[in-house]
Amino acid sequence: MARVFIVEDEEIILERILILLEELEHEVVGHSGNADEAFDKIKVSNAEVVLLDIALPGKNNGISIAKQINAELQMPIIFTSSFQDKETIGEAADCNPVTYLTKPIQKGDLLAAIELALRQKMAEKTEEQDTKDVFYTKIGDKLSKIEVSSILWIKAADSNYCDLTLSDGRKVSLRTSLLKLMK
């Protein structure tokens, strides 16, 4: 089950999306029909995925909202639009959406799009954790992964070496300064 925020200004299309999401057992955490208000509502919604129309009333449009979401929220975006011209699709593609659904939205397409969005989000989260919580170093003649949480002690051996004591009892010498290791 995904928490979905919908940005759609056409009431009949919004109702159709709400029905589809209910049938697919996803939770709608909010919706907006105005581009100028949508971003602030998305920020406080606790959404995992945004269904985003491109043509919206207000100074902004779906493309500008997508750029804000990418810059500040890093949340998967699924564009929904009746535009099928190459220029609009190109502008949308520049925002790195999960996909671009053309209206009228079909249940199977929506199911697939949300599943892709959730998997993309999970992969990004895992990648982010991997880059923050581990580092790689050569131990003997092999490249080994060291989890930061497994380090019990770090000792500066001299200006170019550090000795690590790991939770599994291993002692590892690294050819790096303590300052570089901390970075």
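Structural data are supplied above this passage.
We now turn to the structure provided with this report. (Residues numbered from 1 in each chain as written. Predicted model: local features only at pLDDT ≥ 70, side-chain atom pairs only at ≥ 80, totals over all residues. Heavy atoms only, no water.)

### Some points on the sheet that holds strand β8 (residues 151-158)
One open sheet holds the three strands; their spatial order is β8-β9-β10, and the pairing between them is antiparallel. Each having just a single partner strand, β8 and β10 (171-174) make up the two edges of the open sheet. Taking each pair of neighbouring strands and ignoring which way they run, the sheet shows an average axis angle of 20 degrees. The sheet contact formed by strand β9 (residues 161-166) and β10 spans four bridges and is antiparallel. Within the sheet, the bridge partner assigned to C162 lies in β10 and is L174. (Pairing = 2+ DSSP bridges. Helix = DSSP H or I, 4+ residues; strand = E, 2+ residues; numbered from the N terminus. Axes fitted to C-alpha atoms, helices over the stretch in contact; angles between N-to-C directions.)

### Comments concerning a negative patch on the surface
Taken together, the side chains of D85, E87, E91 and D94 make up a negatively charged region of the molecular surface. Inspection of the secondary structure puts E87 in helix α4 (residues 86-93). (Patch = residues over 30% accessible without salt bridge, like charges linked within 9 Å, V, L, I, M, F, W, Y side chains within 5 Å. Areas by Shrake-Rupley, 256 points an atom, 1.4 Å probe, with all protein chains shown as cover. Salt bridge = Lys/Arg side-chain N within 4 Å of Asp/Glu carboxyl O. Lys, Arg positive; Asp, Glu negative; His and termini not counted. Charge placed at Lys NZ, Arg CZ, Asp CG, Glu CD.)

### Observations regarding unusual backbone geometry
K103 connects to P104 through a cis peptide bond whose omega is 0 degrees. With respect to the helices and strands, the residue P104 is situated in the loop between β5 (99-102) and α5 (107-133). Positive phi outside glycine occurs at E25, with the angle close to 65 degrees. Look at N46: it is not a glycine, yet its phi comes out positive at around 65 degrees. Residue placement: N46 occurs in the loop between α2 (35-43) and β3 (49-53). Residue N46 is classed as exposed on the basis of its relative accessible area, which comes to 53%. (Buried < 20%, exposed > 50% of the residue type's maximum accessible area, 1.4 Å probe, protein only.)

So, to be careful, I would describe these as geometric facts and stop short of saying anything about function.
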